[in-house]
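The primary structure of each chain is shown beneath.
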Amino acid sequence: RPATFSGVGLEADNLAEGAVAYNGPDSTYSAKWGWINFKPGEVHHYQTDIGMTSKGTVVPSAKKTYVNNMNSENYNQVGDRLTFSLAAHNTGFDSHWENVTVTDKVPTALDVNPDSIRVKRANGEIVKMPASAYNSQDHILTVKLPDSLADNDWETVLFDATVNKPGEGWVLTNTMHAEGGTDQIAGAEDATKIL
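Residues numbered from 1 in each chain as written. Predicted model: local features only at pLDDT ≥ 70, side-chain atom pairs only at ≥ 80, totals over all residues. Heavy atoms only, no water.

A. The nonpolar core, seen in detail. Core analysis: the biggest nonpolar cluster contains 31 residues, and Leu-141 and Phe-159 have the highest contact counts within it. Of all elements in the fold, only β2 (81-90), β5 (110-120), β8 (140-144), β10 (154-163), β11 (172-180) and β12 (186-194) reach the threshold of two or more residues within this core. (Core = buried A, V, L, I, M, F, W, Y, C linked by side-chain atoms within 4.5 Å. Buried < 20%, exposed > 50% of the residue type's maximum accessible area, 1.4 Å probe, protein only. Helix = DSSP H or I, 4+ residues; strand = E, 2+ residues; numbered from the N terminus.)

Okay, structure coming up:
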């Protein structure tokens, strides 16, 4: 607006995730970058990515993070209690991601408190999960989410763990996986580095 090179695009509206960007007849897409002066021999790279999906398709994503409840330093110490968040997210269109199971192979340097396992549902409600969701023998956490995920829904598995080995000088990479579906199985994974 206006439809010229100097016009402003839809990004100026700061639409929320899942908002309908356009609901009219066929349309076009354009991309632009601000003016820049090139020096002789100078190279600049520009890229635009467009993702499209058909109605009813689940587009899964996952996000794993943690916070240290004992200190705000850039590293963790023996005895620190960490809270992990393993989030599953459906970014699809007019879809439901059903029967989603979240798994996490927890490093042996962390002692999981099995009584702390819970799920934050899409509606914000916190639901306690059974301690048996964590197998202390093989260090695997397995939680089936209580709900199917509609478009733009997030559900998050939360659990607490204590650092049991020195962390200075090493980095642990902990990966979660979320998978589910009925007709088509969809999955996503993410990792976090524990310093």
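On we go from here.
B. Up close: a nonpolar patch on the surface. On the surface, Trp-33, Ile-36, Phe-38 and Tyr-46 cluster together into a nonpolar patch covering about 400 Å² of accessible area. For Phe-38, the position within the fold is in the segment before β1 (60-68). (Patch = residues over 30% accessible without salt bridge, like charges linked within 9 Å, V, L, I, M, F, W, Y side chains within 5 Å. Areas by Shrake-Rupley, 256 points an atom, 1.4 Å probe, with all protein chains shown as cover. Salt bridge = Lys/Arg side-chain N within 4 Å of Asp/Glu carboxyl O.)

C. Representation of the packing of aromatic side chains. If you walk through the whole model with that rule in mind, you get 3 aromatic pairs. Consider the rings of Tyr-66 and Phe-84, whose centres lie 5.5 Å apart with planes at 35°: the pair is tilted. Pair noted here: Tyr-66 is in strand β1 and Phe-84 is in strand β2, with a separation of 18 residues, a long-range link. These aromatic residues form a ring-pair network of at least three members: Tyr-66, Phe-84 and Phe-159. (Phe/Tyr/Trp six-rings, centres within 6.5 Å; stacked < 30°, edge-to-face > 60°.)

D. Seen up close, the sheet that holds β5. Reading across the sheet, the 5 strands line up as β1-β2-β10-β5-β6 and stay open at both edges, with antiparallel pairing between neighbours. Lying at the two open borders of the sheet, with one neighbouring strand each, are β1 and β6 (126-128). With strand direction ignored, the average angle separating the axes of adjacent strands in the sheet is 25°. Judged from the 7 bridges that link them, β5 and β10 form a sheet pairing that is antiparallel. Looking at the pairing, Val-119 lines up with Val-157 of β10. (Pairing = 2+ DSSP bridges. Axes fitted to C-alpha atoms, helices over the stretch in contact; angles between N-to-C directions.)

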